[in-house]
Amino acid sequence: MKVAIMQPYFLPYIGYFQLINQVDKFILYDDVNYINRGWINRNRILLNGEAHMITLALSGASQSKLINQIVIHDGERQKKKLLKTIRHAYVKAPYYDQVFPLIEEIMLNDESNLVKFIEFSLKGIANYLDFNTEFIISSKIKKDNELIGQNKILEICKELEAGIYINPIGGYELYSKEEFIREGIELYFIKAEDIKYKQYKNEFIPNLSIIDILMFNSKDKIKLLLEKYKLV
């Protein structure tokens, strides 16, 4: 069984979904500390030919709190405002009519807990793209929460009886293949290849939110883009 573990990200870029699509169980790592100015509550879309940051405002967000303790501020009002921005950005995109109802369903979800809101959004997009991946919240997994780093990841993998663990390439220096093998687990890193597609008539801007790819590509094309990676 293949497992991946990632912090919950707000409408993340395609590399995040490549990882989800590659595994049997995707663990939302919610019982670690929140990180300021990361991708947990923000991402970028294409607006007026430029990358534009969209952000979920949070109440009392602090790096001293766990991610699952964070709530969305003034949820209904700001979600509607973000939805209006997304509509303006992509109303002329070729797949707007198919995709906007999904984005609307995600954004108008009344969940105020940040992790649960992101879980709902990831599941919605995964379902749209016909993924078969099971999502699990890490705080619901029995483990020693005093562990940190690689040791905590290994404990989660062992609890789930994983045979393979896949991590983004950014963690290449953080985890040891030898340590994983000692525990009977193969460790791989996923490295996305260059992904390009037409964005209106603009010069291509990479690594935007998955919203951008959904708006400019058919489901069949997205499934091909999802396969543009290497495991190392």
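No experiment lies behind these values; they were computed from the predicted model shown.

1. Points about the layout of surface pockets
- Here the largest pocket is characterised by a volume of approximately 680 Å³.
- Looking at the largest pocket, it is lined by 32 residues, and the ones nearest its centre are Ile5, Met6, Tyr9, Asn167 and Pro168.
- Of all elements in the fold, only strand S1 (2-6), helix H1 (14-22), helix H5 (149-159), strand S8 (164-168) and strand S9 (186-192) reach the threshold of two or more residues within the lining of the largest pocket.
- Considering only residue class, the lining of the largest pocket consists of 21 nonpolar, nine polar and two charged.
- Of the pockets and cavities examined, the second largest pocket occupies roughly 210 Å³.

2. Some remarks on the environment of Phe180
- Mapped onto the elements of the fold, Phe180 is located in helix H6 (residues 177-182).
- On the accessibility criterion, Phe180 (0% relative accessible area) is buried.
- Sequence-wise, Phe180 and Asn151 are 29 residues apart; in three dimensions their C-alpha atoms are separated by 9.7 Å.
- Those residues in contact with Phe180 that lie beyond four places of it in its chain are Gln150, Ile153, Leu154, Tyr165, Tyr175, Ile185 and Leu187.

3. Some words on the pairing of S9
- Sheet topology places S8 next to S9; five bridges connect them, and they run parallel. Bridged to Pro168 within S9 is Ile190.
- A crossover connection joins S8 to the parallel S9 through H6; in handedness this β-α-β unit is right-handed.
- Pairing of S9 with strand S10 (residues 229-231), which is carried by three bridges, proceeds in the antiparallel orientation. Each residue of the ladder has a partner; that of Ala192, found in S10, is Tyr229.

4. Re the sheet that holds S9
- Taken in spatial order, the six strands of this open sheet run S7-S2-S1-S8-S9-S10, and their pairing is mixed. Every other strand in the sheet has two partners, leaving strand S7 (134-137) and S10 as the edge strands with one partner each. The mean angle between the axes of side-by-side strands here comes to 25°, regardless of whether they run parallel or antiparallel.

5. Topic: the environment of Phe100
- As for its placement among the helices and strands, Phe100 is situated in helix H3 (residues 96-107).
- Judged by its relative accessible area of 7%, Phe100 is buried.
- Along the backbone, Phe100 and Arg87 are 13 residues apart, and their C-alpha atoms lie at a distance of 7.5 Å.
- Residues within four places of Phe100 in sequence aside, it is in contact with Leu83, Arg87 and Met215.

6. What to know about the packing of helix H2 (residues 75-90) against H3
- It is at 10 Å that the axes of H2 and H3 come closest, and there the two elements cross at 165°. Put simply, H2 runs roughly antiparallel to H3. In this structure, H2 meets H3 at a crossing whose hand is right-handed. The segment H2 lies against H3, with Lys79, Leu82, Leu83, Ile86, Arg87 and Tyr90 engaging Tyr96, Phe100, Ile103, Glu104 and Met107.
- Partitioning the contact of H2 with H3 into residue classes produces eight nonpolar, no polar and three charged.

Reading guide: rules and limits
Residues numbered from 1 in each chain as written. Predicted model: local features only at pLDDT ≥ 70, side-chain atom pairs only at ≥ 80, totals over all residues. Heavy atoms only, no water. 1 Å grid on protein atoms, 1.4 Å probe; cavity = no way out; pocket = protein on both sides within 12 Å on 5 of 7 lines; lining within 4 Å. Points joined across faces, edges and corners; volume = space filled by probe spheres on them. Helix = DSSP H or I, 4+ residues; strand = E, 2+ residues; numbered from the N terminus. Nonpolar A, V, L, I, M, F, W, Y, C, P; charged D, E, K, R; others polar. Buried < 20%, exposed > 50% of the residue type's maximum accessible area, 1.4 Å probe, protein only. Contact = heavy atoms within 4.5 Å. Pairing = 2+ DSSP bridges. Right-handed = clockwise from strand over helix to strand, strands pointing away. Axes fitted to C-alpha atoms, helices over the stretch in contact; angles between N-to-C directions. Parallel < 35°, antiparallel > 145°, perpendicular 65-115°, else oblique. Left-handed = near helix turned anticlockwise from the far one by under 90°.

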